[in-house]
Amino acid sequence: MKILVCITSVPDTTAKISFTEDNTQFNKAGVQYIIGPYDDYALARGVELKEQSGGSLTVLNVGTSETDTQIRKALAIGADDAIRIDTEPTDSYFVAAQIAHVAEQNNYDLILMGRESIDFNSGVVHGLVGEMLGIPSYSPVMKLDIMDGKAEFAREIDGGKEHLEANLPLVLGCQEPIAEWKIPNMRGIMTARSKPLNVLEAIPMEDMTVLQKYTLPAPKGECKMIPAEDAEQLITLLRTEAKVL
């Protein structure tokens, strides 16, 4: 079985976010990058499936050489080889098109990725890739097993879980608890250095999105403590200040 796991390189969740050039550029200075947490779940399950059934696992990232550190970590965790599309990811459609172009040339049985990235949180790349390849896509997948060329999986829906079965190939957007994150060991780190990382040119595409401006969330407001016995004051504040009533 040939597995492709698509990973993103995103700012650490503890990073301090700021913008430059009149709020039109993300300020990367001093920001540590990590593999997208949801992609980490997809990678962990992909490694487990490869170890159970054999075959190969390739990781793919759309990004510049700045993402090589995250790619090498994925190789250390258990991927066999890696592909990096050498370009700045501009939007979800662009990224999906790059993934689909590689996938259609390599006939992967299973394409895994996170349910969404944690920087832009679009959550649409898996669906776009499936549509471009003409194969099914499902998300968010919480449980996954492969049996006799079929995928048996569960995904989260409003009010519960949906249990499904589908033929391969297919695209899945993953989330916890599909697997536990894996930490690379020393042997994995050493072998990752010699594993292939193939850098490919991006296919040309017209820009579908034009970024106008970034804005930070509003700062947290003051926390007002209301005596438990003063319900009338609480109701007044909810009406006049919070405006939720």
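This text goes with the structure placed above it.
Keep in mind the model is a prediction, meaning the values are calculated, not measured.

The rules behind these values
- Residues numbered from 1 in each chain as written.
- Predicted model: local features only at pLDDT ≥ 70, side-chain atom pairs only at ≥ 80, totals over all residues.
- Heavy atoms only, no water.
- Patch = residues over 30% accessible without salt bridge, like charges linked within 9 Å, V, L, I, M, F, W, Y side chains within 5 Å.
- Areas by Shrake-Rupley, 256 points an atom, 1.4 Å probe, with all protein chains shown as cover.
- Salt bridge = Lys/Arg side-chain N within 4 Å of Asp/Glu carboxyl O.
- Helix = DSSP H or I, 4+ residues; strand = E, 2+ residues; numbered from the N terminus.
- Core = buried A, V, L, I, M, F, W, Y, C linked by side-chain atoms within 4.5 Å.
- Buried < 20%, exposed > 50% of the residue type's maximum accessible area, 1.4 Å probe, protein only.
- Contact = heavy atoms within 4.5 Å.
- Phe/Tyr/Trp six-rings, centres within 6.5 Å; stacked < 30°, edge-to-face > 60°.
- Disulfide = S-S within 2.5 Å.
- Pairing = 2+ DSSP bridges.
- Right-handed = clockwise from strand over helix to strand, strands pointing away.

Caption draft 1: Spatial organisation of a nonpolar patch on the surface. On the surface, a nonpolar cluster with roughly 290 Å² of combined accessible area is contributed by Met186, Ile189 and Met190. By secondary structure assignment, the location of Met186 is in helix H5 (residues 186–192).

Caption draft 2: Region of interest: unusual backbone geometry. The linkage connecting Ser139 with the following residue, Pro140, adopts the cis geometry, with an omega of -5 degrees. With respect to the helices, strands and loops of the structure, Pro140 is situated in strand S9 (residues 137–147). Following Leu168, the chain continues into Pro169 via a peptide bond in cis, with omega recorded as 0 degrees. Looking at where Pro169 falls in the secondary structure, it is placed in the loop between strand S11 (160–167) and strand S12 (170–174).

Caption draft 3: Region of the structure containing the nonpolar core. By size, the foremost hydrophobic cluster in this structure holds 35 residues, and its most contacted members are Val5, Val59, Leu110, Leu112, Leu144 and Leu172. Looking at this core, the elements with two or more residues in it are strand S1 (2–6), helix H1 (37–53), strand S6 (56–63), helix H2 (68–77), strand S8 (110–114), S9, strand S10 (150–157) and S12. With 7 residues, the top contributor of residues to this core is H1. Contact partners of Leu144, with chain neighbours within four places excluded, come to Arg45, Leu49, Leu110, Leu112, Ala151, Glu152, Phe153, Leu172 and Ile178. Among the nonpolar cores identified, the runner-up in size contains 19 residues, and Leu60, Phe94, Val95 and Tyr108 belong to it.

Caption draft 4: The packing of aromatic side chains, seen in detail. On inspection of all chains with the given rule, the structure shows 4 aromatic pairs. Plain terms: the ring middles of Tyr41 and Trp181 are 5.1 Å apart, the flat faces sit at 35 degrees to each other, and that makes the pair tilted. Residue Tyr41 is found in helix H1, and its partner Trp181 is found in the loop between S12 and H5; the two are separated by 140 residues along the sequence. On the basis of an interplanar angle of 55 degrees and a centroid distance of 4.9 Å, the ring pair of Tyr138 and Phe153 is categorised as tilted. Highlighted residues: Tyr138 in strand S9 and Phe153 in strand S10, separated in sequence by 15 residues. For Tyr138, a relative accessible area of 21% translates into the label partly exposed. Judged by its relative accessible area of 3%, Phe153 is buried.

Caption draft 5: Region of interest: the state of the cysteines. Tallying each qualifying case throughout the model produces 0 disulfides. Just so you know, Cys174 is unpaired, no disulfide at all, and the nearest cysteine sulfur is the one on Cys6, 10 Å from it.

Caption draft 6: Broad picture of the pairing of S6. The element S6 is largely enclosed, with a buried count of 7 among its 8 residues. As paired strands, S1 and S6 are joined by 5 bridges and run parallel to one another. Bridged to Val5 within S6 is Val59. Direction of pairing for S6 relative to strand S7 (residues 81–86): parallel, over a ladder of 6 bridges. Bridge pairing in S7 links Thr58 to Asp81. As a crossover connection, the stretch from S6 through H2 into S7 is right-handed.

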